[in-house]
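# Remarks on the overall topology
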Amino acid sequence: MHLSTQLSLAREASDSSRINQIQEIVAWECQQHRFALLRRATGRPRGRSVSSVQVEQGGHSIEISGEEEVTNAIISEVHNKRFTLASDAPICHGPLFVDF
């Protein structure tokens, strides 16, 4: 607000050096704002990678570690259940579902 007022006053006075200075300040502040937005968007990661998983087997939980074992446990516990839970819904056991 202040800079735009000063810029209009400098234009009325035809003071080219002040006009250039004010325009440089406005451009610098715009660039700083853009970089602040980029820093906020691409800041530090907020989480870490999964290094171990607890899985229930036989009534007690087992901790699994190791990259391949953790990946397989996540796939079997989360992804497989996510895509098969719908088949357990009551609507999937009606007479219309049997035809398909």
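What counts, and at which threshold
- Residues numbered from 1 in each chain as written.
- Predicted model: local features only at pLDDT ≥ 70, side-chain atom pairs only at ≥ 80, totals over all residues.
- Heavy atoms only, no water.
- Helix = DSSP H or I, 4+ residues; strand = E, 2+ residues; numbered from the N terminus.
- Buried < 20%, exposed > 50% of the residue type's maximum accessible area, 1.4 Å probe, protein only.
- Core = buried A, V, L, I, M, F, W, Y, C linked by side-chain atoms within 4.5 Å.
- Contact = heavy atoms within 4.5 Å.
- Expected span 1.5 Å × (residues − 1).
- Arc of directions from axis to C-beta.
- Pairing = 2+ DSSP bridges.

This part is about the overall build of the protein. Check the secondary structure of the protein and you find four helices and two strands. Secondary structure elements of the protein, listed N to C terminal, follow the sequence α-α-β-β-α-α. In terms of principal-axis extent, the alpha carbons of the protein reach across some 85 × 45 × 20 Å. Here the protein, with 100 residues, has 10% of them falling under the buried criterion.

Moving on to the nonpolar core. When a protein is soluble and globular, its nonpolar side chains tend to lie buried together. Ranked by size, the top nonpolar core spans five residues in total: Leu3, Leu7, Ala10, Ile19 and Ile22. At the level of elements, α1 (2–13) and α2 (16–41) are the ones that each hand at least two residues to this core. Here Ile19 is in contact with Leu7, Ala10 and Arg11, once residues within four sequence places are set aside.

Here we take up unusual backbone geometry. Backbone geometry places Ser14, a non-glycine residue, at a positive phi of 55°. Here Ser14 shows up in the loop between α1 and α2. What makes Ser14 exposed here is its relative accessible area of 61%.

Taking 1.5 Å per residue, 12 residues should reach 16 Å; α1 reaches 17 Å between its end C-alpha atoms and fits that length. Every buried residue of α1 is listed here: Leu3, Leu7 and Ala10. The buried residues of α1 occupy one face: seen down the axis, they fall within an arc of 65°. Facing away from the buried side of α1, by more than 90 degrees, are the exposed residues His2, Glu12 and Ala13. Looking at the packing, one finds that the buried side of α1 touches α2. Of the residues one or two after α1, Ser14 is the one with positive phi, at around 55°.

Bringing the pairing of strand β1 (residues 52–57) into the picture now. Direction of pairing for β1 relative to strand β2 (residues 60–65): antiparallel, over a ladder of six bridges. Paired with Val53 across the strands is Ile64, a residue of β2. Where β1 hands over to β2, the hairpin turn is made up of two residues, of which Gly58 adopts a positive phi near 65°.

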